[in-house]
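# Summary of the model geometry
Below, each chain spelled out in residue letters.
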Amino acid sequence: MKCPACGHIDDKVIDSRLGKDNAVIRRRRECLSCGKRFTTYERIEDILPYVIKKDGSREPFERRKIIEGMRRACEKRPISMDRIEAVADAIQQELMERADKEVSVASIGERVMDALRRMDDIAYVRFASVYRSFRDIDEFIKEIKELYELKETREQRNPQSDSPDEKQGLQNSP
Ligand SMILES: [Zn+2]
């Protein structure tokens, strides 16, 4: 960006903020030559990376796709649309801040899985089974076991939320 005061072209971004409609990002910049601060408005689609798909093809990043994938996984689960949108926004924000030109579809999937793992076990497993396309059933079972080990650790830390029935069922399942 050209400095409006001295015309120098190097600056640093000191703050980035998404517009209300999620289409524009407002950036505060500081000229590296004269120190003048100015604001730019950039279209999201110009900043976001291209997504590299499994077959190697590329497509523009779309927040909508993250939301659709999560909605499917969260069907009939106690997760509000607001929470789903917040996850999509956080991922988009992170990608904008990283400013990479490309990102793999797998690494976006991992970010969604991290979020779902903390929100809802069922939604997490649903999403993971589609997104990670487990090579075989053993891999899938291993993932579920890890998930429940995590859950048991959490329950040990917080004994009030202990649910013996559920645990019993899990030990029998694999
Ligand atoms: Zn300047």
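One structure accompanies this document, and this report is about it. (Residues numbered from 1 in each chain as written. Predicted model: local features only at pLDDT ≥ 70, side-chain atom pairs only at ≥ 80, totals over all residues.)

We now examine the pairing of strand E2 (residues 24-31). Side-chain positions along a regular strand alternate between the two faces of the sheet. Sheet topology note: the strand E1 (residues 11-18)/E2 ladder contains 7 bridges and is antiparallel. Bridge pairing links Lys12 to Glu30 in E2. Remark: 5 residues form the turn of the hairpin made by E1 and E2, two consecutive strands paired antiparallel; Asn22 in that turn has positive phi of roughly 65°. The pairing of E2 with strand E3 (residues 37-43) spans 7 bridges and is antiparallel. Looking at the pairing, Arg28 lines up with Thr39 of E3. What sits between the antiparallel neighbours E2 and E3 is a turn of 5 residues, in which Gly35 has the positive phi angle 80°. (Pairing = 2+ DSSP bridges. Helix = DSSP H or I, 4+ residues; strand = E, 2+ residues; numbered from the N terminus.)

Once that is clear, we can look at the sheet that holds strand E4 (residues 50-52). Taken together, the 3 strands give an open sheet; going across it, the order is E5-E4-E6, and neighbouring strands pair in mixed fashion. The open sheet is flanked by strand E5 (58-60) and strand E6 (102-104), the only strands paired with a single partner. Here the strands of the sheet are splayed against their neighbours by 35° on average, with no regard to which way each runs. By the bridge criterion, 3 bridges tie E4 to E6 in an arrangement that is parallel. The residue bridging Ile52 from the neighbouring strand is Ser104, located in E6. Against the sheet, helix H4 (residues 105-119) engages E4 and E6, with an angle of about 65° to E6. (Axes fitted to C-alpha atoms, helices over the stretch in contact; angles between N-to-C directions. Contact = placed C-beta atoms within 7 Å.)

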